[in-house]
Number of protein chains: 2
Amino acid sequence: MSKENFTDWMGGTQQRSENALARLLPASGSIPAHLHEAMRYACLGGGKRVRPLLAFAAGELTNAPLAHLEIVACAVEMIHAYSLVHDDLPCMDNDVLRRGRPTCHIEFDEPTALLVGDSLQTLAFQLMAENPITEEPGRQLEMIALLARSSGSHGMAGGQAIDLASVGKSLNQPELELMHALKTGALIRAATLLGALCGTAMSTEQHAALDRFAKRAGLLFQVVDDILDCTASTATLGKTAGKDEAADKPTYVSLLGLQEAKAYAETLRQDALAALTPFGERARRLTELTDFICHRHF
Amino acid sequence: MSKENFTDWMGGTQQRSENALARLLPASGSIPAHLHEAMRYACLGGGKRVRPLLAFAAGELTNAPLAHLEIVACAVEMIHAYSLVHDDLPCMDNDVLRRGRPTCHIEFDEPTALLVGDSLQTLAFQLMAENPITEEPGRQLEMIALLARSSGSHGMAGGQAIDLASVGKSLNQPELELMHALKTGALIRAATLLGALCGTAMSTEQHAALDRFAKRAGLLFQVVDDILDCTASTATLGKTAGKDEAADKPTYVSLLGLQEAKAYAETLRQDALAALTPFGERARRLTELTDFICHRHF
């Protein structure tokens with residue numbers, strides 16, 4: 001395990017993720033060049049890389065090889081990037097700003113952005129299938145299935161569908177948690193579990209503990225996001241601020257109020273960290289990362 | 001191998017595919033119900049099931065179990081269905097009729113149709129990863145990678161991107177063939193190869209021969225489609241007829257003229273069938289299917 005401080009580890013891991021994405025995405029000159037340039041635009045040059053960071057941090061629990069982690073980190077990030085490109089389309093959130101730059105359909109065009117999302121999803125599964133990410137082919141199939149279940153209609157896309165249906169409606173906390181458990185939580189959980197699955201086998205107890213952590217972390221990330229959406233500026237976020245409230249979308253802040261939402265985030269943080277106890281010192285990066293996610297802007 | 005006549009085999013295989021899709025798609029009442037109903041609408045109750053038919057016919061070359069073939073046939077058909085739903089969207093072809101019914105975004109709504117396509121793609125990969133489709137996990141990973149390469153930016157979606165860029169332009173025959181080799185040919189080829197890969201191992205020579213067949217069949221299918229688009233009625237096609245010409249899209253008919261396009265289809269048919277020689281009597285269904293595709297409406 002590396003001895004560097006968290007800030008250096010995070011910067012190095014973000015750079016490693018960026019380099020791996022640049023290498024694994026189709027070359028920008030390759031045919032069809034317009035589509036490939038747009039895919040690179042949608043994935044490179046921005047983003048906090050929370051999901052890759054979680055995968056790399058979880059990989060330390062099982063001594064996972066960096067080469068394996070790069071593949072799963074990029075696959076999860078491509079799924080995330082595809083969802084952002086499609087969410088930003090005019091028929092969905094109709095947003096023009098993402099990571100401080102024009103959204104994909106603004107910078108390119110709408111049909112290209114549609115194909116960018118489609119192709120990034122495909123590439124994620126291609127990477128998971130054609131690269132070594134574990135020594136065991138059977139486990140590799142399980143990892144692909146996990147990524148698919150986390151992304152599809154019972155995962156991220158399903159959460160997006162519930163979100164669409166909820167606009168202007170009053171959700172209670174269990175309903176809101178179900179929506180977020182799918183919309184953002186499922187892929188956060190997948191990133192964490194997949195990182196650990198790249199290394200040595202976990203015991204059933206370790207797997208269950210990591211799953212508890214990953215579910216709490218996913219929820220925590222969403223609560224923090226809702227708080228930031230209401231407290232931070234567009235410039236700080238790099239995306240349009242206050243758009244949840246403008247769209248009359250239910251958030252933890254609208255449900256609980258700002259102070260209660262902050263207190264809930266703190267409870268989730270403590271629960272998440274408690275779940276890491278069985279891993280001892282190996283969980284150092286995951287612990288630091290959780291604290292970072294929780295305290296990044298407030 | 002079954003002794004029934006081709007028409008009975010085809011009808012039975014289409015019904016088998018429909019039943020398998022109905023079983024493998026999310027239940028219509030399951031949350032999020034609106035999305036799951038729309039996914040079922042987009043996949044069930046219509047379509048010629050050309051790709052499933054190819055997979056089942058190719059499975060006879062290697063004595064593939066029907067249970068394996070059902071999975072790959074449904075996975076390929078879900079990829080095909082996702083591409084149709086996204087192609088029909090207002091920002092792409094903006095079409096209102098498909099398989100004789102309103103397109104998905106007309107019957108439901110545009111954001112839902114976007115998520116339907118996204119989720120069908122995910123489900124295709126999930127099915128390939130979490131079900132037995134071969135005895136060998138290593139080969140299963142290769143099959144997933146083959147489906148991904150055939151669907152993504154170097155396959156079907158890439159062909160769609162070239163198609164978008166070609167509207168109103170004059171393509172020559174090699175350019176047109178590259179576009180179609182990706183847009184429709186790649187998935188037709190994948191359906192055929194995946195069907196055969198569900199069974200006993202092929203020799204390198206057999207694999208190469210089947211690949212030659214599959215590439216010719218994919219091109220043949222597109223040439224026949226272009227001919228039908230210009231000669232058949234909307235009622236016969238179950239989708240808007242003449243839309244290629246209306247959209248000023250290059251087709252084999254616009255490039256070669258109707259008679260030459262028909263002659264070219266016949267040449268492709270003969271080349272495709274010649275490639276099947278090494279398989280002898282086991283290739284009976286593939287041979288019959290090729291003839292059916294070639295002669296279905298003219």
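(A) Here's a closer look at the overall build of chain A. From N to C terminus, chain A includes 15 helices and 2 strands. Here the C-alpha atoms of chain A give a radius of gyration of 18 Å, agreeing with the 19 Å that 2.2 N^0.38 yields for 298 residues. Reported as C-alpha extents along the three principal axes, the dimensions of chain A are approximately 50 × 45 × 35 Å. Split into buried and exposed, the 298 residues of chain A put 53% on the buried side.

(B) Molecular detail of the interface of chain B and chain A. Taken residue by residue, the interface counts 41 residues in chain B and 41 residues in chain A. For the side of chain B that touches chain A, the elements supplying multiple residues, two or more each, are α2 (33-43), α6 (110-130), α7 (137-151) and α8 (156-166) of chain B. Per element, the largest residue contribution to the side of chain B that touches chain A is 13 residues, and it comes from α6 of chain B. Partitioned by chemical class, the residues of the side of chain B that touches chain A number 23 nonpolar, 14 polar and 4 charged.

(C) View of the nonpolar core. Counting 192 residues, the largest nonpolar core has Leu194 of chain A together with Leu147 and Leu194 of chain B as the members making the most contacts within it. With sequence-adjacent residues up to four places away left out, Leu194 of chain B is seen in contact with Ala55, Val72, Val76, Met143, Leu146 and Leu147 of chain B.

(D) Expanded view of the packing of helix α7 (residues 137-151) of chain A against α6 of chain B. Between α7 of chain A and α6 of chain B, whose axes approach to 8 Å, the crossing angle comes to 150 degrees. With respect to α6 of chain B, the element α7 of chain A is oriented roughly antiparallel. Here α7 of chain A and α6 of chain B pass one another in a crossing that is left-handed. Residue-level contacts link Leu141, Ile144, Ala145, Ala148, Arg149 and Ser151 of chain A of α7 of chain A to Thr122, Phe125, Gln126, Ala129 and Glu130 of chain B of α6 of chain B. In terms of residue class, the contact of α7 of chain A with α6 of chain B is made up of 6 nonpolar, 3 polar and 2 charged.

(E) Fine view of helix α1 (residues 6-24) of chain A. Taking 1.5 Å per residue as the helical rise, α1 of chain A with its 19 residues ought to reach 27 Å, and the 26 Å between its terminal C-alpha atoms agrees with that figure. In this structure, the buried residues of α1 of chain A make contact with α2 (33-43), α3 (50-59), α4 (66-87) and α15 (284-295) of chain A.

(F) Examining the relation of the copies chain B and chain A more closely. At an RMSD of 0.0 Å, chain B and chain A line up after a rotation of 180 degrees and a shift of 0.0 Å along the axis. On the angle and the small slide along the axis, the relation comes out as a two-fold axis. Closest approach to the rotation axis among the C-alpha atoms of chain B is made by Pro137 of chain B, whose C-alpha sits 2.7 Å away. Of the interface residues in chain B, 100% have counterparts in chain A that sit at the interface too, so the contact is made through matching surfaces.

(G) Structural detail: helix α9 (residues 173-197) of chain A. Along α9 of chain A, the largest kink reaches about 55 degrees and is centred on Gly185 of chain A. Buried residues dominate α9 of chain A, accounting for 19 of its 25 residues.

Conventions used here
Residues numbered from 1 in each chain as written. Chains lettered and ligands numbered in written order. Predicted model: local features only at pLDDT ≥ 70, side-chain atom pairs only at ≥ 80, totals over all residues. Helix = DSSP H or I, 4+ residues; strand = E, 2+ residues; numbered from the N terminus. Rg over C-alpha atoms; globule rule 2.2 N^0.38 Å. Buried ≥ 20, exposed ≤ 12 C-beta atoms within 10 Å, placed from the backbone. Contact = placed C-beta atoms within 7 Å. Nonpolar A, V, L, I, M, F, W, Y, C, P; charged D, E, K, R; others polar. Core = buried A, V, L, I, M, F, W, Y, C linked by C-beta atoms within 7 Å. Axes fitted to C-alpha atoms, helices over the stretch in contact; angles between N-to-C directions. Parallel < 35°, antiparallel > 145°, perpendicular 65-115°, else oblique. Left-handed = near helix turned anticlockwise from the far one by under 90°. Expected span 1.5 Å × (residues − 1). Least-squares fit on C-alpha atoms with pLDDT ≥ 70 in both. Bend = angle between axes of the 7 residues up to and from the residue.

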